[in-house]
Amino acid sequence: MSDFLDTNIWASLLLSIMVIVTSLLLRKWFTGHLFALVLSYTQSKKIHAASTVLVAFEKPMRWVFVVIGMQLAFQFLPFQTVSAAWESSLVRSCFIALLTWGLFNLSNVTTLLFPKLMTKLDINVDKIIIPFLTKMLKTLVFLFGFSIIAQEWGFNINGFIAGLGLGGLAFALAAKETVSNLFGGIVLITEKPFTIGDWIKTPSVEGTIEDITFRSTKVRTFAQALVTVPNSTLANEPIINWSKMGKRQVSFYLKLDILTKTEKLHMTISDIKALLQQHQDVHPETILVSFESMSDTSADILIYFFTKATDYLGYLQTKEDINFQIISILEKRNVLFSVPKSAVYLESAEQEHNKEPIKRLMSHG
């Protein structure tokens, strides 16, 4: 009789192990064949929403087979390891955790789905809001899953929430800076002084916006350092957004030789003005070329215009091209740059010094 019981026990244990091994094999088959086939089909048919959902739930769906295998294995065990209520709560908690995991992963792809949805609905939403909403959605999904699992195990969530309400004042006082940064982030998102990728300058930092979170904004400086600035600081500072420039100013004086004839000055000014008006990278709205002032050595021509390019590289390239063409105009008109008096004096002094040996030789002769 005892041998028969031992045989049944071992047979039940073996059956339980086989159930778990089968669930693991099904998990592997699902990942390697069925899931890959369905995902390939949705991608080939360009069903982007289905593809993103499948990718988000891929790992949680693998573990579904393991949870089901564990549940079935419990049924075949020859002895009771846990109570039926405990087993039921454990299985339900696992499924809730897997669902939360999948939704948490799906909130990552809202960065991709949200702009497409807004485009279809013809709604213009600043891209800085998208990562902020993604982080908020992740937090809500996590809290939702945690609260359901806690209720599943008999914890009083209502009491916990009430406790939070009673301790809210103390928490707010302890986390004053955090709350200030949170509201600062909301101000930055609603007022939209900048967006991801913009070049900004404030009293505390200058660089390109990389990310904004509940607490802070990450700025990549031109030295490639990553600076984390509290949102409350940015919200209370003047912000210069260089990326919002529609055009970029160029202003300088061209100092020509004061002995240049009036006719040549007129023709030079006319040529430079024509150059700027015809240049494809110069904004046509405001172009000024004027003989503004003069001194003992120079005739000062004011050159004032705007480049269409606002990025620094494009701005420099336009300035360089125009400078070379201005030099070509001066060479064509045979107009010289002004020379400072000190340079003239030094040159004269040097010439006199070089003549001294010749004078001495002549005197000895």
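Conventions adopted
- Along each chain, residues carry numbers from 1 onward, in the same order as the chain's sequence is written.
- It should be noted that, the model being predicted, local features are given only for residues of pLDDT at least 70 and side-chain atom pairs only at 80 or more, the latter also being counted only at that level, while totals for whole chains, interfaces and linings use all residues.
- The basis for every side-chain value is the complete set of non-hydrogen atoms in the structure, without hydrogens or water.
- By definition, any uninterrupted DSSP run of H or I lasting at least four residues is a helix, any uninterrupted run of E lasting at least two residues is a strand, and each is numbered from the N terminus.
- Between buried and exposed lies partly exposed: a residue is buried under 20% and exposed over 50% of the maximum accessible area for its type, with that area taken using a 1.4 Å probe on protein chains only.
- A contact between two residues is defined here by any heavy atoms of the two lying within 4.5 Å.
- Using the Shrake-Rupley algorithm and a 1.4 Å probe, accessible areas are obtained, with residue cover drawn only from the displayed protein chains.
- Each helix should span, by expectation, one fewer than its residue count multiplied by 1.5 Å.
- It is the directions from the helix axis to the C-beta atoms whose arc is reported.
- What pLDDT reports is the predictor's confidence in each residue, on a scale of 0 through 100.
- Between any two strands, pairing holds if DSSP finds at least two bridges.
- Aromatic rings from Phe, Tyr and Trp, taking only the six-membered ring of Trp, are treated as a pair when their centres fall within 6.5 Å; an angle between ring planes under 30 degrees marks them as stacked, one over 60 as edge-to-face, and anything in between as tilted.
- Each salt bridge in this description consists of a side-chain nitrogen of Lys or Arg and a carboxyl oxygen of Asp or Glu lying within 4 Å of one another.
- Two distance rules govern patches: like charges are joined within 9 Å, and nonpolar side chains (Val, Leu, Ile, Met, Phe, Trp, Tyr) within 5 Å, applied only to residues with over 30% relative accessible area and no salt bridge.

Brief notes about the overall build of the protein chain
Tallying secondary structure elements over the protein chain gives 13 helices and eight strands in all. In the protein chain, buried positions account for 29% of the 365 residues. Sequence separation of at least 24 residues holds for 66% of the intrachain contacts in the protein chain that already meet a minimum separation of 6. For the protein chain, the accessible surface area stands at approximately 23800 Å², while carbon and sulfur atoms represent 65% of it.

So, helix α11 (residues 262-278)
Between the first and last C-alpha of α11 there are 25 Å, a value that for 17 residues agrees with the 24 Å anticipated at 1.5 Å per step. Within the sequence span of α11, burial applies to Leu265, Thr268, Ile269, Asp271, Ile272, Leu275 and Leu276. Angularly, the buried residues of α11 cover 165° about the axis, an arc narrow enough to put them on a single face. Seen from the buried face of α11, the exposed residues on the opposite side, beyond 90 degrees, are Thr262, Glu263, His266, Gln277 and Gln278. As for α11, its buried residues are in contact with β6 (248-257), β7 (282-294), β8 (298-307) and α12 (312-333).

Thoughts on the side chain of Asp271
For Asp271, the location among the structural elements is in helix α11. In this structure Asp271 touches Ile329 and Arg333, once residues within four positions along its chain are discounted.

A short note on the confidence of the model for the protein chain
Summarising the model, the protein chain shows a mean pLDDT of 76, and 68% of its residues fall at 70 or more. Predicted confidence is poor over residues 1-5, with pLDDT under 50, and the contacts of this stretch with residues over four places away or in other chains come to zero contacts. Counting contacts from residues 357-365, a segment whose pLDDT is below 50, to residues more than four positions away or on other chains yields one contact.

As for the environment of Thr221
As for its placement among the helices and strands, Thr221 is situated in the loop between β3 (216-220) and β4 (226-230). Setting aside anything within four residues of it in sequence, one finds Thr221 in contact with Val205, Glu206, Gly207 and Val227.

Focus on the sheet that holds β3
Here five strands make up an open sheet; going across it, the order is β4-β3-β2-β1-β5 and the pairing antiparallel. Two strands bound the open sheet, and with one partner strand each, they are β4 and β5 (240-241). Of the pairings in the sheet, the one linking strand β1 (residues 199-201) to strand β2 (residues 206-212) comprises three bridges and is antiparallel in character. Residue pairing across strands places Trp199 opposite Thr208, the latter belonging to β2.

Topic: the packing of aromatic side chains
Overall, the coordinates contain five aromatic pairs when judged by the stated rule. When the centroid spacing of 5.5 Å and the interplanar angle of 85° are considered together, the rings of Trp199 and Phe222 count as edge-to-face. You can see Trp199 sitting in strand β1 and its partner Phe222 sitting in the loop between β3 and β4, a full 23 residues away along the chain. For Phe222, a relative accessible area of 51% puts it in the exposed group.

Here's the deal with unusual backbone geometry
You will see that Gln224, though not glycine, has its phi angle at about 70°, which is positive. Assignment of secondary structure puts Gln224 in the loop between β3 and β4. Owing to a relative accessible area of 55%, Gln224 belongs among the exposed residues under this scheme. Phi angles above zero are rare outside glycine, and Asn334 is one such case at about 60°. Within the element layout of this structure, Asn334 appears in the loop between α12 and α13 (341-364).

Brief notes about the pattern of salt bridges
Opposite charge on two side chains permits them to pair, given that their charged atoms come into close proximity. Counted by the stated rule, this structure contains five salt bridges. Arg220 is the partner of Glu210 in a salt bridge, and the nearest nitrogen-oxygen pair spans 2.9 Å. Of the two residues, Glu210 is situated in strand β2 and Arg220 in strand β3; the sequence distance between them amounts to 10 residues. Judged by its relative accessible area of 25%, Arg220 is partly exposed. Lys255 is paired through a salt bridge with Asp300; the nearest N and O atoms lie 3.3 Å apart. Placement of the pair is Lys255 in strand β6 and Asp300 in strand β8, with a sequence separation of 45 residues. Look at Lys255 and you get partly exposed, because its relative accessible area is 40%. According to the relative accessible area criterion, Asp300 is buried, its value standing at 7%.

Quick word on a nonpolar patch on the surface
On the surface, Phe104, Phe142, Leu143 and Phe146 cluster together into a nonpolar patch covering about 410 Å² of accessible area. Counting residues per element, the nonpolar patch draws most heavily on helix α6 (residues 129-152), at three residues. By the secondary structure assignment, Phe146 is in helix α6.

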